[in-house]
Amino acid sequence: MAQARSRTIALPAIVDLDALDPIRDELVDALDSGPVTVRAAAVDRVATNALFMLLSAAETARRNTNAFTVSEPSEAFLAAVARLGLGNQFAGILEG
């Protein structure tokens, strides 16, 4: 059995609809490899769809018994999570 390889994905400053496809592709590849950390420190603006994509990725990781975390969330990231009422959903995956 291949050893799980941890991956870190850094989100860009603007995570809008134009940014989703490349992030999704990177997440799909990373989720097949093992534990995933999404670094959200640089986020200035995040679309609702991006937040739901991250929750979906977290669920996929859980089903694959891999860790999934969103590290160093920026104030803008946290504000978007709060504004959409997703605090409970993100509570288990936010770190830092």
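That block above? That's the structure.
Every value quoted in this text rests on a predicted model; they were computed, and no experiment measured them. (Residues numbered from 1 in each chain as written. Predicted model: local features only at pLDDT ≥ 70, side-chain atom pairs only at ≥ 80, totals over all residues. Heavy atoms only, no water.)

A. Fine view of the pairing of strand E5 (residues 68-71). Residue alternation in E5 divides its side chains into two sets, Phe68 and Val70 and Thr69 and Ser71, and both sets are buried. In this sheet, E5 lies alongside strand E3 (residues 36-39) in parallel orientation, the contact comprising four bridges. When the sheet's bridge partners are listed, Thr37 is paired in E5 with Thr69. With two bridges connecting them, E5 and strand E6 (residues 94-95) associate as parallel partners. (Buried < 20%, exposed > 50% of the residue type's maximum accessible area, 1.4 Å probe, protein only. Helix = DSSP H or I, 4+ residues; strand = E, 2+ residues; numbered from the N terminus. Pairing = 2+ DSSP bridges.)

B. Fine view of the side chain of Ser71. The residue Ser71 is located in strand E5 in this model. Classification of Ser71 as buried rests on a relative accessible area of 8%. With near-sequence residues (within four places) excluded, Ser71 lies in contact with Thr37, Val38, Arg39, Ala40, Ala41 and Glu95. (Contact = heavy atoms within 4.5 Å.)

Interpretation in functional terms is not warranted from these geometric data alone.
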